[in-house]
Amino acid sequence: MLELFAHPFSSYCQKVLIAFYENDTPFAYRMLGADQPRNSAEFARAWPLGKFPVLLDSGHAVMESSIIIEHLHLRHPGAVRFLPLDADAALQVRMLDRIFDHHVMYQVQRVVNDALRPAARRDVIEVEEAKAALERAYIWLDAHLAGREWAAGGFGLADCAAAPALFYADWVHPIDPAHVNLRAYRARLLTRPSFARAVEEARPYRSYFPLGAPDRD
């Protein structure tokens, strides 16, 4: 039995949900929230650091979104393989996964965290630095994606990371139309059935977004 402790509006939970949906891997969705005290208590016991998502596989806890996807890749494989067999190609996929997590989603989170603070504690410089870092990432990614359908070969781990990261990044710091390759890639990700499903499941929670969710996507 696979049990996933997650919330549909979380980018890192969406990242893992994409992997589940790609292969129609059966699992129990243990929704986290104030109205789910039992799930929250079991989640806290499984991972006291309190960061979701967390996967329980026959009672064994697996933490961190990238590791959960690799766990599914190894222990519950399907038609879509999230890492290539070639070791060098797999390193490329893992590198892109880290770039989307650390250089895109992390910068988004800096801006969101600032918006969640009381007005007196907000930091304009922090927000400006995060948006500048996002722009640098956009420039690099736009060049990298030239001539590519997916981030690194076939659809895989890196694209699972890219989909929610770019989804929310464009809300925080819109991708300039000049970044043609990056904008087209984001659009392709939105049409991928696995991510489209994750987006729809998260739609009821858009009021949670502290900057105000745009009327699109």
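Values in this document were obtained by computation on a predicted structure and should not be read as measured data.

**Student:** Could you give me a rundown of the overall build of the protein chain, with the residues and numbers involved?
**Tutor:** In terms of regular secondary structure, the protein chain is built from 8 helices and 4 strands. Seen in sequence order, the protein chain has helices and strands lined up from the N terminus as β-α-β-α-β-β-α-α-α-α-α-α. For 217 residues, the compact-globule formula gives about 17 Å, and the C-alpha radius of gyration of the protein chain, at 17 Å, lands near that figure. If you line up the protein chain on its principal axes, its C-alpha atoms span 45 × 45 × 25 Å. The burial tally for the protein chain puts 49% of its 217 residues in the buried class. When contacts within the protein chain are restricted to residue pairs at least 6 apart in sequence, those whose partners lie at least 24 apart make up 70%. Of the roughly 10,700 Å² of accessible surface on the protein chain, a fraction of 57% belongs to carbon and sulfur atoms. In the protein chain, 24 side chains carry a positive charge and 27 a negative one; their mean positions are 3 Å apart.

**Student:** Please set out empty space enclosed by the protein residue by residue, giving values where relevant.
**Tutor:** Scanning the entire structure with this criterion turns up 1 cavity of 30 Å³ or more. For the largest cavity, the calculated volume is near 40 Å³. Together, S11, Y12, K15, D101, M105, A161, P164 and A165 line the largest cavity. Contributing elements (two or more residues each) for the lining of the largest cavity: α1 (11-22), α4 (87-116) and α6 (157-172). Split into classes, the residues belonging to the lining of the largest cavity amount to 5 nonpolar, 1 polar and 2 charged.

**Student:** Describe in detail the packing of aromatic side chains, supporting the description with residues and values.
**Tutor:** For the structure shown, the criterion picks out 17 aromatic pairs. Seen in terms of ring centroids, W150 and Y185 are 6.4 Å apart; in terms of plane orientation they differ by 70°. Their pairing is edge-to-face. Taken together, the residues span a long stretch of sequence, with W150 in the loop between α5 (124-144) and α6 and Y185 in helix α7 (residues 180-191) at a distance of 35 residues. With respect to class, W150 is no different from Y185; both count as buried. Each ring, one from F167 and one from W171, has its centre 4.9 Å from the other, and the planes form 50°; the classification is tilted.

About the criteria used
Residues numbered from 1 in each chain as written. Predicted model: local features only at pLDDT ≥ 70, side-chain atom pairs only at ≥ 80, totals over all residues. Heavy atoms only, no water. Helix = DSSP H or I, 4+ residues; strand = E, 2+ residues; numbered from the N terminus. Rg over C-alpha atoms; globule rule 2.2 N^0.38 Å. Buried < 20%, exposed > 50% of the residue type's maximum accessible area, 1.4 Å probe, protein only. Contact = heavy atoms within 4.5 Å. Areas by Shrake-Rupley, 256 points an atom, 1.4 Å probe, with all protein chains shown as cover. Lys, Arg positive; Asp, Glu negative; His and termini not counted. Charge placed at Lys NZ, Arg CZ, Asp CG, Glu CD. 1 Å grid on protein atoms, 1.4 Å probe; cavity = no way out; pocket = protein on both sides within 12 Å on 5 of 7 lines; lining within 4 Å. Points joined across faces, edges and corners; volume = space filled by probe spheres on them. Nonpolar A, V, L, I, M, F, W, Y, C, P; charged D, E, K, R; others polar. Phe/Tyr/Trp six-rings, centres within 6.5 Å; stacked < 30°, edge-to-face > 60°.

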